[in-house]
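# Residue-level structure breakdown
So you can see what is in the structure, the chains are spelled out below.
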Amino acid sequence: MATGTLIFISLKLFFGFLLAFLAILAWAKTRQAAWLFIIVGTLVRYLELIYSILFELEVLNPDWGYTGNFPLLPVTLTILPLLFMSIGFLLFLIQKRKLS
């Protein structure tokens with residue numbers, strides 16, 4: 001494996017871990033639904049990062065996570081963080097509108 005690739009993977013793991021760690025700390029401090037959805041989206045994004053790195057390093061079987069010819073797990077792990085964060089932002093906007 002090239003040194004540049006190893007550094008890139010290490011940086012993704014480090015900053016992904018940092019983001020997930022801070023999300024877990026924030027989870028303990030909030031009870032607002034909007035923030036909880038954003039935090040869950042962040043954690044699922046970290047899972048997607050781990051999955052993609054394991055797939056890139058060929059630790060996982062290339063067929064793992066596929067249903068027939070459809071990449072069910074990769075697509076799900078890519079879409080879920082966006083969905084959770086969208087719901088979180090929508091709840092935030094709805095909540096702010098009710099307070100105004």
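Conventions used here
Here, residues in each chain are numbered from 1, in the same order as that chain's written sequence. Local features in this predicted model are restricted to residues of pLDDT 70 or higher, and side-chain atom pairs are both shown and tallied only at a pLDDT of 80 or more, whereas totals for entire chains, interfaces and linings draw on every residue. Computation of side-chain values: all heavy atoms of the structure, hydrogens and water removed. For every element, the axis is a line fit to its C-alpha atoms; helices are fit only across the contacting stretch, and the angle between N-to-C directions ranges from 0 to 180 degrees. By definition, any uninterrupted DSSP run of H or I lasting at least four residues is a helix, any uninterrupted run of E lasting at least two residues is a strand, and each is numbered from the N terminus. Orientation labels follow simple angle bins: below 35 degrees gives roughly parallel, above 145 gives roughly antiparallel, 65 to 115 gives roughly perpendicular, and whatever is left gives oblique. Definitions for this section: a left-handed crossing has its near helix turned counterclockwise from the far helix by less than a right angle. A right-handed crossing has that turn clockwise. Here, two residues are considered to be in contact whenever any of their heavy atoms come within 4.5 Å of each other. Each residue gets one label: Ala, Val, Leu, Ile, Met, Phe, Trp, Tyr, Cys and Pro are nonpolar, Asp, Glu, Lys and Arg are charged, and the others, such as Gly, are polar. Helix span, as expected, comes to 1.5 Å for every residue beyond the first. For the exposure calls, accessible area comes from a 1.4 Å probe over protein chains only, and a residue counts as buried if that area is under 20% of its type's maximum, exposed if over 50%, partly exposed in between.

## Concerning the packing of helix α1 (residues 3–29) against helix α2 (residues 33–56)
α2 packs onto α1 with a crossing angle of 155 degrees between their chain directions and a minimal axis gap of 9 Å. In terms of their interaxial angle, α1 and α2 are classed as roughly antiparallel. As for the relative orientation of α1 and α2, their crossing is left-handed in sense. Packed against α1, whose contacting residues are Thr-5, Ile-9, Lys-12, Leu-13, Gly-16, Phe-17, Leu-19, Ala-20, Ala-23, Ile-24, Ala-26 and Trp-27, the element α2 presents Leu-36, Ile-39, Val-40, Thr-42, Leu-43, Tyr-46, Leu-49, Ile-50, Ile-53 and Glu-56 at the interface. Taken together, the residues that form the contact of α1 with α2 break down as 17 nonpolar, 3 polar and 2 charged.

## Overview of α2
Its 24 residues place the ends of α2 34 Å apart at the C-alpha level, agreeing with the 34 Å of an ideal helix rising 1.5 Å per residue. Those residues of α2 that sit buried are Ala-34, Ile-38, Ile-39, Gly-41, Thr-42, Val-44, Glu-48, Leu-49, Tyr-51 and Ile-53. Residues of α2 that are buried sit in contact with α1 and α3 (72–99). Downstream of α2 by a residue or two, Glu-58 has a phi angle that is positive, lying close to 60 degrees.

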